[in-house]
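A structural walkthrough
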Amino acid sequence: LIYLLARYEIIGGLGDHVLRGSFWQNLLLAPAVFLKYLALSVWPVNLLLDYSNFPLPVSVVDIRVILGILSFAILGLVIWLGFSAKSGKSQSDISLGAIWFLAFLLPVLQIIPFQDIVGERFLYAPLAGFFMVVILGFGRFFDYIKLKFNFNLNAAGKVILILVLIIFFILTFKRNSDWLNSENLWNSVIKVDSQNKKALQNLSAFYLQKGEADKIIEFSKKLLEIDPENKAGHLHLAIGKILSGNYTEAETELLDLVKKYPDFKEAQNNLTVLYQQLGRQGSFVETSVSAPAVEGNIVNSGVAGRVILSDGTLFEASLEIYKNDNLSIPFISVRTHSDGTFQVPLRPGSYILKPSNPDGPIAPVREDYSFIIGDNQWLQVKIEYK
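Below or above, wherever it landed, is the structure these notes cover. (Residues numbered from 1 in each chain as written. Predicted model: local features only at pLDDT ≥ 70, side-chain atom pairs only at ≥ 80, totals over all residues. Heavy atoms only, no water.)

**Section: the overall build of the protein chain**
- Counting its secondary structure elements, the protein chain contains 12 helices and eight strands.
- Within the span of the protein chain, comprising 386 residues, buried residues form 40% of the whole.
- Counted over contacts in the protein chain with a minimum sequence separation of 6, partners at least 24 positions apart contribute 62%.
- Looking at the protein chain as shown, the accessible area adds up to about 22100 Å², and 61% of this sits on carbon and sulfur atoms. (Helix = DSSP H or I, 4+ residues; strand = E, 2+ residues; numbered from the N terminus. Buried < 20%, exposed > 50% of the residue type's maximum accessible area, 1.4 Å probe, protein only. Contact = heavy atoms within 4.5 Å. Areas by Shrake-Rupley, 256 points an atom, 1.4 Å probe, with all protein chains shown as cover.)

Here's what the structure looks like:
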């Protein structure tokens, strides 16, 4: 209660107060959330990293609200019975578990609204109390049956325990597979909530890093179907189209973004990169050649070209290529041949090439060159020094 009071006092300053829908809907959210946490404790399936689409209850006759209030009342009854004069130590221990479960859940039951409607990680501490109630409760039930009907359920209890352990082992193993990488994790969210915007955006971003144009376009379009004004969705879709060679559509997409959001620097940067590749700004990209697709883990795309001086003389130089998402460390450093030519295999994606600045009067015309490699695409480029 002290924690809730302190949070209530400072939450306005933190800017974390999230009211959803009407006051009535927020009031009804607590029992619905409580029921969800209880259900996850009993049967942890269809787990979600993001519950932003959790449906808000609209009335008191919502089944989740009714069952949530009923479950809360039962928990309160267990606590009251445990501390009544006639209860024994075992019953009071069950009550202690119920109090533990409830106390650790209270701050996250949306009584005071905050960002995460449901967070599975919030169950870590409450589960200790929950299993305390379950284990001691089954123990008392077995003792009652034995005393009342002279029937021993211990063997059945062991069978139930073994089944529960096997089921939980399978669920845990499956969930570990979901957390193996970002692709598996966000795909697991889509399987449960196909309209999850965060999952769709993160999947398109994941495939953007991999340079998989078809996947980028697929998930960007799904995101834009749900949220037509999503900036990241439009940006990823444009980059996917660049990677797939649909330059005209990509240009239209980026121009619309720049027009709507003049301060959106990522859209401006990618439009510049596109124009550079199309030869509209400078003469960096001379030609673009599509290579035949190959099977296996063979890289059949990249950048090739020559380094020349202003008088047309070929020049030997050092070049550093960075990935667009990591500009602190070169992805690869190369030295051209003595005739200034070079060829660097690169997987599809966005890159920045920086020519070295050698000692003496000779210096590169430009500090860096941005370019995008598509599937099975080789860019023929020209780097100029003066």
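Still to come is the rest of the account.
**Overview of helix H8 (residues 197-210)**
- Compared with an ideal rise of 1.5 Å per residue, which puts 14 residues at 20 Å, H8 spans 20 Å between its outermost C-alpha atoms and is within 8% of the ideal.
- Inspection of H8 places Ala-199, Leu-200, Leu-203, Ser-204, Phe-206 and Tyr-207 among the buried residues, and these make up the whole buried set. Taken around the axis of H8, the buried residues stretch over an arc of 155 degrees, which confines them to a single face.
- Among the structural elements, helix H7 (182-192), helix H9 (213-226) and helix H10 (231-243) are those in contact with the buried residues of H8.
- Its side-chain oxygen at 3.2 Å from the backbone nitrogen of Lys-198, Asn-196 defines the N-terminal cap of H8.
- Once H8 ends, the next one or two residues include Gly-211, with phi positive near 75 degrees. (Expected span 1.5 Å × (residues − 1). Arc of directions from axis to C-beta. Polar contact = N/O pair within 3.5 Å; in protein donor to acceptor, adjacent residues only side chain to side chain.)

**Side note on a nonpolar patch on the surface**
- Together, Trp-24, Leu-27, Val-60, Val-61, Ile-63, Ile-66, Leu-67, Ile-69, Leu-70 and Ile-74 make up an exposed nonpolar region whose accessible area comes to about 940 Å².
- In terms of residue count, helix H3 (residues 63-82) provides more of the nonpolar patch than any other element does, six residues in total.
- Looking at the secondary structure, you find Ile-63 in helix H3. (Patch = residues over 30% accessible without salt bridge, like charges linked within 9 Å, V, L, I, M, F, W, Y side chains within 5 Å. Salt bridge = Lys/Arg side-chain N within 4 Å of Asp/Glu carboxyl O.)

**Focus: the packing of H8 against H10**
- It is the contact of H8 with H10, at a shortest axis distance of 10 Å, that shows an interaxial angle of 30 degrees. Taken as axis vectors, H8 and H10 run roughly parallel relative to one another. Considering only the axes of H8 and H10, their crossing is left-handed. Contacts between H8 and H10 pair Gln-201, Ser-204, Ala-205 and Leu-208 from the former with Ala-232, His-236 and Ile-239 from the latter.
- Residue composition of the contact of H8 with H10, by class: four nonpolar, three polar and no charged. (Axes fitted to C-alpha atoms, helices over the stretch in contact; angles between N-to-C directions. Parallel < 35°, antiparallel > 145°, perpendicular 65-115°, else oblique. Left-handed = near helix turned anticlockwise from the far one by under 90°. Nonpolar A, V, L, I, M, F, W, Y, C, P; charged D, E, K, R; others polar.)

**Comments concerning the sheet that holds strand S7 (residues 369-373)**
- A sheet is described by the order of its strands in space; here four strands give the open sequence S4-S3-S6-S7, paired in antiparallel fashion. The open sheet has two edge strands with one neighbour each: strand S4 (332-335) and S7. Here the strands of the sheet are splayed against their neighbours by 25 degrees on average, with no regard to which way each runs.
- Sheet analysis places strand S6 (residues 349-355) next to S7, joined by five bridges and oriented antiparallel. Looking across to S7, one finds that Ser-350 is bridged to Ile-372. (Pairing = 2+ DSSP bridges.)

**Focus: the packing of aromatic side chains**
- According to the stated counting rule, one finds 13 aromatic pairs in the structure shown.
- Centre to centre, the rings of Phe-331 and Tyr-351 are 6.1 Å apart; their planes meet at 45 degrees, and the pair counts as tilted. Linking Phe-331 in the loop between strand S3 (318-323) and S4 with Tyr-351 in strand S6, this pair joins segments that are 20 residues apart in sequence.
- On the basis of relative accessible area, Phe-331 is assigned to the partly exposed category, the value being 43%.
- Given a relative accessible area of 3%, Tyr-351 falls into the buried group. (Phe/Tyr/Trp six-rings, centres within 6.5 Å; stacked < 30°, edge-to-face > 60°.)

**Structural notes on the layout of surface pockets**
- In this structure, the largest pocket occupies an estimated 1000 Å³ of space.
- Along its surface, the largest pocket is lined by 36 residues, and Leu-47, Leu-48, Glu-120, Arg-175 and Trp-179 are the ones closest to its centre.
- Counting residues per element, the ones that place at least two in the lining of the largest pocket are helix H2 (23-42), helix H5 (126-149), helix H6 (154-178) and H7.
- Here the lining of the largest pocket takes seven residues from H6, the largest share from any one element. (1 Å grid on protein atoms, 1.4 Å probe; cavity = no way out; pocket = protein on both sides within 12 Å on 5 of 7 lines; lining within 4 Å. Points joined across faces, edges and corners; volume = space filled by probe spheres on them.)

**Description of H7**
- When we look at burial in H7, the residues that qualify are Leu-185, Trp-186, Ser-188, Val-189 and Ile-190.
- In this structure, the buried side of H7 is in contact with H6 and H8.
- Looking at where H7 begins, the residue whose side-chain oxygen comes 3.2 Å from the main-chain nitrogen of Glu-183 is Asn-181.

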